[in-house]
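Observations on the model geometry
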Amino acid sequence: MEKETKNNIKIILLLLVVFIILYTLHITFGDRFENQYQSSNHIEDASIIFQTDYENKILTVENIYPEDINYYWSEVEIVNGSATFDQYGIIKIGHTLSNCTGFLELEWKQTGIKIWDADFR
């Protein structure tokens with residue numbers, strides 16, 4: 001009976017260690033793999049709302065919908081006008097595009113869907 005109890009404790013500890021390792025991997029790497037597929041599948045539903053500052057020629061990200069999916073600056077293309085991307089990686093509220101000139105149009109590279117336009121002329 002004592003030997004059986006020790007074996008059960010070893011099995012429970014082993015399962016606990018495996019669970020902790022898998023949880024740590026999910027927290028560390030899960031976002032990278034999940035968003036790889038989510039962003040391209042849900043771009044049609046995405047909305048990025050910018051605050052437009054015509055005086056300083058800046059667009060600032062004000063809201064992102066849906067909020068539970070990460071979108072990346074590398075997925076955004078300037079198709080008209082010009083601007084400087086001040087950040088890279090995941091698009092976050094507060095990020096800016098500066099030095100905006102002309103009739104600026106932003107689109108999703110993959111789908112060609114317009115994100116935003118503003119006239120900085």
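Above this text you will find the structure in question.
Below is a summary of the structure that appears in this document. Note that the structure is predicted; figures quoted are calculated from it, not measured. (Residues numbered from 1 in each chain as written. Predicted model: local features only at pLDDT ≥ 70, side-chain atom pairs only at ≥ 80, totals over all residues. Heavy atoms only, no water.)

1. Side note on the nonpolar core
F50, L59, I91, L97 and L106 are the most contacted members of the largest nonpolar core, which has 20 residues in total. Of all the elements in the fold, those that place two or more residues in this core are strand 1 (47-53), strand 2 (58-65), strand 3 (76-85), strand 4 (96-108) and strand 5 (114-119). Counting residues per element, this core draws most heavily on strand 4, which supplies five residues. The residues touching F50, leaving out its near neighbours within four places in the chain, are L59, T60, V61, E62, W73, L97, L106, I115 and W116. (Core = buried A, V, L, I, M, F, W, Y, C linked by side-chain atoms within 4.5 Å. Buried < 20%, exposed > 50% of the residue type's maximum accessible area, 1.4 Å probe, protein only. Helix = DSSP H or I, 4+ residues; strand = E, 2+ residues; numbered from the N terminus. Contact = heavy atoms within 4.5 Å.)

2. Considering the pairing of strand 5
As paired strands, strand 4 and strand 5 are joined by five bridges and run antiparallel to one another. Bridge pairing in strand 5 places E105 opposite D117. Between strand 4 and the antiparallel strand that follows it, strand 5, lie five residues; G112 among them carries a positive phi value of about 75 degrees. (Pairing = 2+ DSSP bridges.)

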